[in-house]
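Residue strings, one per chain:
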Amino acid sequence: MQPLIDNARTFGQRPEEFARLAEGQAPEVLFITCSDSRVVPALITGAGPGQLFELRTAGNIVPPYASERPTSEAATIEYAVEVLGVRDIVVCGHSHCGAVGALVRGDDLDAVPAVRDWLAHATPRPSGAAEDPEVAEGVQSHVLTQLLRLRSYPCVERRIAQGRLALHGWYYEVHTGAVRSHRPRTDTFEAL
Ligand SMILES: [Zn+2]
């Protein structure tokens, strides 16, 4: 923790770089990814302050849309789309994902009931080679499921129909730094 505190202590010593941020934000991209510490969206994309609106959840799961039961995730997505008017949404899964790995292997999660109940949102359950530590196949199919789930959000579907929003599925390799993008035409993940 101490190195993080030390950095935070000196971080704000460049006020001229940040002054314009007081005027507001106009990010063009909503970036949805896992909470995993090895995934650093700003590092991967080179985005600076104000460029990426982020939603991070365990296993980059987009929960089902249910207007009678608002969630933090739905609020974040709706705000990004309706208020900020983002033009693109990226769902970025990653290799060696603990959440997706647990789903693929069918791990017993009764000792962590909040995790178990959250991961229950991941339907259909991702499948793949349970012995593959990278869980590439499971994560990639899981990313596509989340893209479909996003389309069940009325604001997302409306903007897509208007040609004002595009969805992207990415797969990030934590062990190489490489990013693969889903190509709908071939239904494969290819190097960006
Ligand atoms: Zn993960």
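Overview of the structure. (Residues numbered from 1 in each chain as written. Predicted model: local features only at pLDDT ≥ 70, side-chain atom pairs only at ≥ 80, totals over all residues. Heavy atoms only, no water.)

**Section: the pattern of salt bridges**
To keep things clear, this is the line we draw: Each salt bridge in this description consists of a side-chain nitrogen of Lys or Arg and a carboxyl oxygen of Asp or Glu lying within 4 Å of one another. Exposure classes here rest on a 1.4 Å probe applied to the protein chains alone. A residue is buried below 20% of its type maximum, exposed above 50%, and partly exposed in between.
The full count for this structure, using the stated rule, is nine salt bridges. A salt bridge links R116 to D117, with the nearest nitrogen and oxygen atoms 3.0 Å apart. Between R151 and E157 there is a salt bridge, and its shortest N-O distance comes to 3.1 Å. For R151, a relative accessible area of 37% puts it in the partly exposed group. The partly exposed category is assigned to E157, whose relative accessible area is 30%. Each of E82, R158 and R159 takes part in one network of salt bridges that share partners.

**Observations concerning the sheet that holds strand β4 (residues 166-172)**
Rules: At least two DSSP bridges between two strands are needed for those strands to be called paired. The helix and strand labels rest on DSSP assignments: H or I over at least four residues marks a helix, E over at least two residues marks a strand, and numbering proceeds from the N terminus. Axes, fitted as lines to C-alpha atoms, cover a helix only where it is in contact. Angles between the N-to-C directions of the axes lie from 0 to 180 degrees. Contact criterion: two residues are considered in contact whenever any of their non-hydrogen atoms come within 4.5 Å of each other.
Read across the sheet, six strands follow the order β2-β1-β3-β4-β5-β6 without closing on themselves; strand pairing throughout is mixed. With one partner strand each, in any of the chains shown, β2 (52-57) and β6 (188-191) form the two edges of the open sheet. Strand-to-strand twist in this sheet, taken as the mean axis angle between neighbours without regard to direction, amounts to 30°. In the packing of helix α7 (residues 136-150) onto the sheet, the strands contacted are β1 (29-34), β3 (88-94), β4, β5 (179-183) and β6, and the crossing angle to β4 comes to about 160°.

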